[in-house]
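Here are the chains, one letter per residue:
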Amino acid sequence: MQQNVFYPPDADALERILRYERASATGVVLRLAWQAGLTRDEISSLTWSGVNLITNELYLPDRTVPLAPDTAACLSQWQMLVGDYGPYVVVSEQRKARLAPQSISRLARTALDTEGQSKVRLLDLRYDFVLRQLEAHDWPYVLRISGISVTTYRNCLADVRRGAAVTEPETHDAKEDEYNLWKLMQAEQDTPAGIALWLSHQIGLSTEEIVSLTWTQVDL
């Protein structure tokens, strides 16, 4: 587990940066993190085949993300500039090659520093996206478009909303934990324990809600 402190970005500062970075690798990176909630690795690996500018959606391996109009407009302009350079969205205009995750971080760092956002990272932009979505939508929808698991939501984002230190699960351990939990739920799916796991993990019910659940509340 890696502990992080959430540094909320200043929305006005981000808007100023994005007005300047209309169609650039920096503008694409910041929009994908702040307006679509993508992680750095997801930004680095995003290809044009996963961008639908007709329906304004991103297709990631684990989810579909709606595109904000500003992000869609930026991607449309960016595709006209670099779409022939290869399959990847975030590329260097000079080298005409995919940008590595470290280069993506450097682009974001340079741009954020220009507006005094020296502590804000791509991870903070992603968290801010999730928190803003939670203000407008119910949490199952936000979990679905952000790719954050129920466990991460409970263990991390509740603390983020209080401004405390948060824990970002390491990718490998998180996937392994999810897989082991899935195997357990499959093995126990016809038992009371298995049903409780499904209700908790898939739907997000608390222990008290599971214990008090009645058939009159279940619409199949």
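Since this is a predicted model, take the numbers as computed values, not measurements. (Residues numbered from 1 in each chain as written. Predicted model: local features only at pLDDT ≥ 70, side-chain atom pairs only at ≥ 80, totals over all residues. Heavy atoms only, no water.)

S.K.: How should I be thinking about the environment of Val89 in this particular structure?
M.R.: Along the chain, Val89 falls in the loop between α4 (69–82) and α5 (101–114). Between the alpha carbons of Val89 and Trp78 there is a distance of 8.4 Å; along the sequence they are 11 residues apart. Ignoring sequence-local partners within four residues, the contact set of Val89 consists of Val28, Leu46, Thr47, Trp48, Val51, Leu75, Trp78 and Val82. (Helix = DSSP H or I, 4+ residues; strand = E, 2+ residues; numbered from the N terminus. Contact = heavy atoms within 4.5 Å.)

S.K.: Honestly, a nonpolar patch on the surface in this entry has me stumped. Any pointers?
M.R.: Side chains of Leu213, Trp215, Val218 and Leu220 sit close together on the surface and give an oily, nonpolar patch of about 520 Å² of accessible area. Assignment of secondary structure puts Trp215 in the segment after α11 (207–212). (Patch = residues over 30% accessible without salt bridge, like charges linked within 9 Å, V, L, I, M, F, W, Y side chains within 5 Å. Areas by Shrake-Rupley, 256 points an atom, 1.4 Å probe, with all protein chains shown as cover. Salt bridge = Lys/Arg side-chain N within 4 Å of Asp/Glu carboxyl O.)

S.K.: How should the layout of surface pockets be read in this particular structure?
M.R.: If a probe as big as a water molecule is rolled over the atoms, it shows which places are left empty. Of the pockets and cavities examined, the second largest pocket occupies roughly 250 Å³. As for the second largest pocket, its lining consists of Pro192, Ile195, Ala196, Leu199, Ile210, Leu213, Thr214, Trp215 and Val218. For the lining of the second largest pocket, the element with the most residues is helix α10 (residues 192–203), which contributes four residues. Residues that form the lining of the second largest pocket fall into these classes: eight nonpolar, one polar and no charged. (1 Å grid on protein atoms, 1.4 Å probe; cavity = no way out; pocket = protein on both sides within 12 Å on 5 of 7 lines; lining within 4 Å. Points joined across faces, edges and corners; volume = space filled by probe spheres on them. Nonpolar A, V, L, I, M, F, W, Y, C, P; charged D, E, K, R; others polar.)

S.K.: How should I be thinking about the pairing of strand β4 (residues 63–66) in this particular structure?
M.R.: It is a general feature of regular strands that their side chains alternate between the two faces of the sheet. Because side chains alternate across β4, one face comprises the buried residues Arg63 and Val65, and the other comprises Thr64 and Pro66, none of which is buried. Note: strand β3 (residues 57–60) against β4, four bridges, orientation antiparallel. Directly across from Tyr59, in β4, lies its bridge partner Thr64. Between the antiparallel neighbours β3 and β4 lie two residues. (Buried < 20%, exposed > 50% of the residue type's maximum accessible area, 1.4 Å probe, protein only. Pairing = 2+ DSSP bridges.)

S.K.: Sorry, what's going on with the pairing of β3 here?
M.R.: Going residue by residue along β3, you find Leu58 and Leu60 tucked away on one face and Glu57 and Tyr59 left uncovered on the opposite face. Taken together, the two bridges between strand β2 (residues 51–52) and β3 define a ladder with antiparallel strand orientation. When the bridges of β3 are listed, Val51 appears paired with Leu58. Counting the residues that bridge the hairpin from β2 to β3 gives four residues, and of these Asn56 lies at a positive phi of roughly 55 degrees.

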